[in-house]
Amino acid sequence: MLHLVYIGRYEKAIDNFSKQVKESFYHVPTYAKAIKIIDKIREKYDIILLFEQTNLQKDIPDIEYLRKKYSGVYMVLVIDSLTKEESQEYLKAGINNTIPFEASKEAIDSLINFQKRRKQQKIKDLQKKGENVRTFKLPLWKRCFDIFFSGIALVILSPLLIITAIAIRLESKGAVVYKSKRVGSNYQIFDFLKFRSMYTNADKHLKDFNSLNQYQIDEIEEDIIWGEATPEFSENEDEIVLVSDDFVISEEAYINKKTKEQENAFVKLENDPRITRVGRIIRKYSIDELPQLINILKGDMSIVGNRPLPLYEAELLTSDEYIDRFMAPAGLTGLWQVEKRGDSGKMSADERKQLDIKYAKTFSFWLDMKIILKTITAFVQKENV
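Everything quoted here is computed from the prediction, not taken from an experiment. (Residues numbered from 1 in each chain as written. Predicted model: local features only at pLDDT ≥ 70, side-chain atom pairs only at ≥ 80, totals over all residues. Heavy atoms only, no water.)

If you had to explain the pairing of strand 5 (residues 97-100) to someone new, which residues and values would you point to?
Here strand 4 (residues 74-79) runs beside strand 5; their pairing, made up of 4 bridges, is parallel. Note on strand 5: the bridge partner recorded for Val-76 is Asn-97. The β-α-β motif built from strand 4, the intervening helix 4 (residues 84-93) and the parallel element strand 5 has right-handed crossover chirality. (Pairing = 2+ DSSP bridges. Helix = DSSP H or I, 4+ residues; strand = E, 2+ residues; numbered from the N terminus. Right-handed = clockwise from strand over helix to strand, strands pointing away.)

Describe the packing of aromatic side chains, and please don't skip the residues or the numbers.
Enumeration over the complete set of coordinates arrives at 13 aromatic pairs. Pairing Tyr-45 with Tyr-312 gives two aromatic rings, centres 5.7 Å apart and planes at 75°, and the pair type is edge-to-face. Of this pair, Tyr-45 sits in the loop between helix 2 (31-40) and strand 3 (47-52) while Tyr-312 sits in helix 11 (residues 311-315), and the two are 267 residues apart along the sequence. When its relative accessible area of 1% is taken as the criterion, Tyr-45 is described as buried. The interplanar angle of 80° and the centroid separation of 5.1 Å between the aromatic rings of Phe-365 and Trp-366 together place this pair among those described as edge-to-face. We classify Phe-365 as partly exposed; its relative accessible area is 32%. Classification of Trp-366 as exposed rests on a relative accessible area of 67%. The ring of Trp-336 is capped by Arg-352, whose NZ or CZ atom sits 4.1 Å from the centre of that ring. (Phe/Tyr/Trp six-rings, centres within 6.5 Å; stacked < 30°, edge-to-face > 60°. Buried < 20%, exposed > 50% of the residue type's maximum accessible area, 1.4 Å probe, protein only. Lys NZ or Arg CZ within 6 Å of the ring centre and 35° of its normal.)

Quick rundown of the pattern of salt bridges? Include the residues and the values.
Should their charged atoms come close, side chains of opposite charge can pair. Summed over the entire model, instances satisfying the criterion amount to 16 salt bridges. Measuring nitrogen to oxygen at the nearest pair gives 3.6 Å for the salt bridge that ties Glu-315 to Lys-122. One end of the pair, Glu-315, is in helix 11; the other, Lys-122, is in helix 5 (residues 105-132), and 193 residues separate them in sequence. Through salt bridges with shared partners, a single ionic network connects Lys-194, Asp-288, Glu-289 and Arg-307. (Salt bridge = Lys/Arg side-chain N within 4 Å of Asp/Glu carboxyl O.)

So what's going on with the packing of helix 3 (residues 56-69) against helix 4? Residues and values would help.
Their axes nearest at 8 Å, the elements helix 3 and helix 4 cross at an angle of 25°. Judged by the angle between their axes, helix 3 and helix 4 are roughly parallel. The segment helix 3 lies against helix 4, with Leu-56, Asp-59, Ile-60, Ile-63, Glu-64 and Arg-67 engaging Glu-86, Glu-89, Tyr-90 and Ala-93. Grouping the constituent residues of the contact of helix 3 with helix 4 by class yields 5 nonpolar, no polar and 5 charged. (Axes fitted to C-alpha atoms, helices over the stretch in contact; angles between N-to-C directions. Parallel < 35°, antiparallel > 145°, perpendicular 65-115°, else oblique. Contact = heavy atoms within 4.5 Å. Nonpolar A, V, L, I, M, F, W, Y, C, P; charged D, E, K, R; others polar.)

Residue-level account of the environment of His-3, with values.
Structurally, His-3 can be placed in strand 1 (residues 3-7). Taking the relative accessible area as the measure of exposure, His-3 reaches 8% and is therefore buried. The sequence separation of His-3 and Ile-37 amounts to 34 residues, and the corresponding C-alpha distance is 9.8 Å.

Give a description of the sheet that holds strand 4 that names residues and reports values.
Taken together, 5 strands build an open sheet; the order of strands is 2-1-3-4-5 and the sheet is parallel. The strands lining the two open edges of the sheet, one partner per strand, are strand 2 (24-28) and strand 5. On average, each strand axis in the sheet is tilted by 25° relative to the strand beside it, whichever way the strands run. Here strand 3 runs beside strand 4; their pairing, made up of 5 bridges, is parallel. By the bridge assignment for strand 4, Leu-49 is matched with Met-75.

Coordinates in, geometry out; function isn't part of it.
Structure, rendered in structure tokens:
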């Protein structure tokens, strides 16, 4: 499902896009609120960010910030008209394309189809990357253990799997199992399986998020002066105060906020309106992950390994520094999930990457057994891994 996120306040344009877009469409007045939505969507190649043109001086810093934070997101400037000089400035800041405020259905469809083709190209680029790196081969002992463990687990858990499938189907329409593209060892791309825990039109429920407190920047609220402000934004280290389109914030608080965003890019929403009642239960007890036993039986994954990544995240880790992370099997559970138990959710992104690399270089039968035992202990304690 493609997500179109519109940043702006021009009601006529918003109405035009919302009526003509069949995919998920969400509009917010500021880029700060758009960030909360974008961070929730794990696959950034499924996003088209529509940025409403206002004035060059205000728009450029905001666009540059978004481009720096989301290097792979497709950004489209929604315009009335542009001069040649303005076009160059917007392109330099990070805009990929433009579309009129009153765009026709054909123009919008063309934009959506281009983004879908763009995602397919990214898949080909990652596959090509995998061909160029040294090939990881799963040890025979690990493959035999995976087949034995996943086969036994599927048989023992079959009543639970059947009951879960029936419950999902009875509560809401749609496929019982959800598929998404993930990148595993050797940058191999496969269909990652999970029980569906959201409504089939889940993305339409994004509009309900306006009423959720999680969309407010409350973690630094005490440092923000809310209200109308001069519409400019600066990251100059010599500045003491930073001014955005709807708030003023001290430079120190802004830096702290950016650090928090980088350390924890994916924010979970409380009372997410997209999740079904069955979905809440199966997520709480990790039952939604059980279809991955089929991935393991097929050879896409292993019981223990590094968690397979969405395309966007995997492409950010194609430098020599992180290639070793993909020289290990994709796993149902792994080292960082059980390392520093109870505090793993507070690990920085870099700490998790380093633990993935550590596992790739040092994994063994006994390390796998240790991780499995820790995972079972965590499950009994009803903690997410």
